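Structural description and commentary
The chain contents come next:
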Amino acid sequence: MTTTDMNNRTAERGRYRGPAVSDRSAEGGDQRTSGGRVSVAVYAEDLILQTGTVHQLRTRPEIELLAESEADRAQVSLVVVDMMDEPTVRLLHRLQRNTATRTGLVVGLFESGALQTMIECGVAAVLRRGEADPDRLVHLVTAMANGEGVLPGDLLGKLLDHVSSLQRTVLDPRGLSLSTLTAREAEMIRLVSEGFDTAEIAERTSYSERTVKNVLHEVSTRLELRNRAHAVGYAMRHGLI
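The structure contained in this document is the topic of the report that follows. (Residues numbered from 1 in each chain as written. Predicted model: local features only at pLDDT ≥ 70, side-chain atom pairs only at ≥ 80, totals over all residues. Heavy atoms only, no water.)

Some words on the pattern of salt bridges
Short version of the rule: Salt bridge, as used here: a side-chain nitrogen of Lys or Arg that lies within 4 Å of a carboxyl oxygen of Asp or Glu. Every helix listed is a DSSP run of H or I at least four residues long, and every strand listed is a run of E at least two residues long, numbered separately from the N terminus. Each residue is assigned to one of three classes by its accessible area relative to the maximum for its type, calculated with a 1.4 Å probe on protein chains only: buried under 20%, partly exposed between the two thresholds, exposed over 50%.
A complete count under the given rule lists 10 salt bridges for this structure. Here Arg 60 ties to Asp 135 by a salt bridge, and the two come within 2.9 Å at their closest N and O atoms. Here Arg 60, found in the loop between helix H2 (47-57) and strand S2 (63-65), pairs with Asp 135, found in helix H5 (residues 134-145); they are 75 residues apart in sequence, far enough to count as distant. Between Glu 187 and Arg 190 there is a salt bridge, and its shortest N-O distance comes to 2.6 Å. Here Arg 190 and Glu 187 lie together in helix H7 (residues 183-193), a separation of 3 residues that amounts to about one turn. A relative accessible area of 32% places Glu 187 in the partly exposed class. The network of salt bridges with common partners includes Arg 60, Glu 62 and Asp 135.

Some words on the nonpolar core
Stated formally: Take the buried Ala, Val, Leu, Ile, Met, Phe, Trp, Tyr and Cys residues and link them wherever side-chain atoms come within 4.5 Å; each set so joined is a nonpolar core. Residues are treated as being in contact if the distance between any of their heavy atoms lies within 4.5 Å.
If you look at the biggest cluster of nonpolar residues, it comprises 24 residues, and the most contacted ones within it are Val 40, Val 42, Leu 57, Leu 78, Val 106 and Leu 140. Mapped by element, the contributors of at least two residues to this core are strand S1 (38-44), H2, S2, strand S3 (76-83), strand S5 (123-128) and H5. Ranked by residue count, the leading element in this core is H5, at 6 residues. Those residues in contact with Val 40, other than ones at most four positions away along the chain, are Ile 63, Glu 64, Leu 65, Leu 66, Ala 74, Val 76, Leu 78 and Val 141. Formed by 22 residues, the second largest nonpolar core is a distinct cluster that contains Val 89, Leu 115, Cys 121 and Val 123.

Description of the pairing of S5
Selection rule: A pair of strands is considered paired only if DSSP assigns at least 2 bridges between the two.
Counting buried residues in S5 gives 5 out of 6 residues, a clear majority hidden from the surface. As judged from the 5 bridges shared by strand S4 (residues 102-109) and S5, these two strands associate in the parallel manner. Across the sheet, the residue bridging to Thr 103 is Val 123, located in S5.

Remarks on the sheet that holds S3
Where strands meet in a sheet, backbone hydrogen bonds hold them as pairs that are either parallel or antiparallel. Threshold: Angles run from 0 to 180 degrees between N-to-C directions of axes, and those axes are lines fitted to C-alpha atoms, restricted for helices to the stretch in contact.
Across the sheet, which stays open at both edges, the 5 strands sit in the order S2-S1-S3-S4-S5 with parallel pairing between neighbours. Pairing within the sheet leaves two strands with one partner each, and these edge strands are S2 and S5. Taking each pair of neighbouring strands and ignoring which way they run, the sheet shows an average axis angle of 30 degrees. Two elements, S1 and S2, share 3 bridges in a ladder whose sense is parallel. Pairing of Val 40 across the sheet is with Leu 65, part of S2. Across the sheet, H2 is in contact with S1, S2 and S3; its angle to S1 comes to roughly 160 degrees.

Concerning a negative patch on the surface
The criterion, for reference: To count toward a patch, a residue needs a relative accessible area above 30% and no salt bridge. Like charges then connect within 9 Å, nonpolar side chains (Val, Leu, Ile, Met, Phe, Trp, Tyr) within 5 Å. Here the Shrake-Rupley method, with its probe set to 1.4 Å, supplies the accessible areas, and only the displayed protein chains count as covering residues. We score Asp and Glu as negative and Lys and Arg as positive, and we do not count His or the chain ends. Positions of charges follow a simple convention, taking NZ of Lys, CZ of Arg, CG of Asp or CD of Glu.
Together, Asp 197, Glu 200, Glu 203 and Glu 209 make up a negatively charged patch on the protein surface. The topology assignment puts Glu 209 in helix H9 (residues 209-222). Relative accessible area serves as the criterion here: at 41%, Glu 209 is assigned to the partly exposed category.

Considerations on H7
Within an α-helix, residues lying three or four positions from one another point in the same direction, as the helix has 3.6 residues per turn. The complete set of buried residues in H7 reads Glu 185, Ala 186, Met 188, Ile 189, Leu 191 and Val 192. Buried residues belonging to H7 abut helix H8 (198-205), H9 and helix H10 (228-237). With its phi angle positive at about 95 degrees, Gly 195 sits one or two positions after the end of H7.

Here's the deal with unusual backbone geometry
Located in the positive-phi region is Ser 206, a residue other than glycine, with phi close to 65 degrees. Inspection of the secondary structure assignment puts Ser 206 in the loop between H8 and H9.

Observations regarding the packing of H8 against H9
Basically, it comes down to this: For classification, angles of less than 35 degrees are called roughly parallel, those exceeding 145 degrees roughly antiparallel, those between 65 and 115 degrees roughly perpendicular, and all remaining angles oblique. Residue classes follow a fixed rule: Ala, Val, Leu, Ile, Met, Phe, Trp, Tyr, Cys and Pro count as nonpolar, while Asp, Glu, Lys and Arg count as charged, and any other residue, Gly among them, counts as polar.
Packing of H8 against H9 leaves a shortest axis separation of 8 Å and a crossing angle of 105 degrees. One way to sum up the angle between H8 and H9 is to call them roughly perpendicular. Of the residues in H9, those in contact with Thr 198, Ala 199, Ile 201, Ala 202 and Thr 205 of H8 are Glu 209, Val 212 and Lys 213. Looking at the contact of H8 with H9 residue by residue, the class counts come to 4 nonpolar, 2 polar and 2 charged.

Everything listed here is a matter of geometry and, on its own, says nothing about what the molecule does.
Here's what the structure looks like:
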């Protein structure tokens, strides 16, 4: 850990309650191992939030709560706050550096402008505090451990609008796409899937045959595909054409 990281953690402790309990030290020295449970580190901005969240999770057999000394090995970091302010963002950025851990946010007030910040901080799931009963907390944690994301319905709609706006205003003018294929690459592979050969694709796209061959070769090389048929199959499986 660098000196900067140590200073950041010290500052955060003035604001946040870090992981304070461990299943292995709780309830009279119970030495249970994690087994199939999800290991969780809880961070909260005050003792009341910390205690309430831990109380809801510690009796659930799906969850293994970790103490601060073990927090770096958590599968899920759960951050419980009133709102997305600057100290919260700093904490989220620090947690983001641990690539083995996914971060979930339990928040009281989530303003629409915070959506971009949440994405940049690598938050995988969001739950409003008013809805944070034990079952929803466990669902949030287990979904993240399985590689899934969880968002309230209204935030999901805003996220989709945000992605659509990004595609329309930033990527489309540059001929780019959020997928692994550019618009030109996707069009050429679509034409391959419809049975057109190189000369026909060149005619339909107004590119030279050499360009068509180079584009299809670049796609195959970048995605480690064996031939055009493999490229078509890949694009169809991933919904790219």
